Amino acid sequence: MREAPADYLEFAAARSGPLFRTACLLTGDWHLAEDLVQETLAKMYRSWRRISRVEAPVAYADTVLVRTFLSQRRRRSSTERPSDRLPEAAGPTRDAELRMTLLDGLARMTAKDRAVLVLRYWEDRSVEETSQVLHVSPGAVRSQSRRALERLRALLGDQLADLTA
């Protein structure tokens, strides 16, 4: 087995944390997020010579992560069962309750809706950045974001109003 290039190792070390945070938000599960990041970095490694010449390998990694997530959601085996429990308990603050409510709402949404909401609002990316990662037009990002927010609000209903009051 050949040794990984130093620039790849540096890239992987620097991007693992941000990729993991995004993966956690997308999957809602710590372990699935770890698997998603590992698969993303493996895909990046296989093509590193070509990718390292790209102007924005960070954006490329984000795109690989989101596409891998969407692909996994499409092919999820019928034997896998998602869990509604998070591995760590949240603190007693109201912000933590709001965060958990939002995470629960995100977990009940489709993969596409979740991806657009996480990228646009949780990671605070612009419409243009989100459109590049999802490979859709900026107009599609705006309309998908609006519809996904409406669905999230409908899912959360009074829970959200109680926590934000």
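Look up a bit, the structure's there.
A brief report on the enclosed structure follows. (Residues numbered from 1 in each chain as written. Predicted model: local features only at pLDDT ≥ 70, side-chain atom pairs only at ≥ 80, totals over all residues. Heavy atoms only, no water.)

A few points about unusual backbone geometry
Even without a glycine there, the phi angle at Asp 124 is positive, about 55°. Topologically, Asp 124 is positioned in the loop between α6 (111-122) and α7 (127-134). The exposed category is assigned to Asp 124, whose relative accessible area is 65%. Phi at His 135 takes a positive value of approximately 55°, unusual for a residue other than glycine. Of note, His 135 is situated in the loop between α7 and α8 (138-156). (Helix = DSSP H or I, 4+ residues; strand = E, 2+ residues; numbered from the N terminus. Buried < 20%, exposed > 50% of the residue type's maximum accessible area, 1.4 Å probe, protein only.)

A look at α7
Among the residues making up α7, those that are buried are Val 127, Thr 130, Ser 131, Val 133 and Leu 134. The buried residues of α7 occupy an angular sector of 165° when the element is viewed end-on, so they sit on one face. (Arc of directions from axis to C-beta.)

Observations regarding the pattern of salt bridges
Taken as a whole, this structure holds seven salt bridges when the rule is applied. Residues Glu 39 and Lys 43 are paired through a salt bridge, measuring 3.7 Å at the closest nitrogen-oxygen approach. With Glu 39 and Lys 43 both in helix α2 (residues 30-46), this residue pair falls four residues apart, about one helical turn. Taking relative accessible area as the criterion, Glu 39 reaches 25% and is therefore assigned partly exposed. (Salt bridge = Lys/Arg side-chain N within 4 Å of Asp/Glu carboxyl O.)

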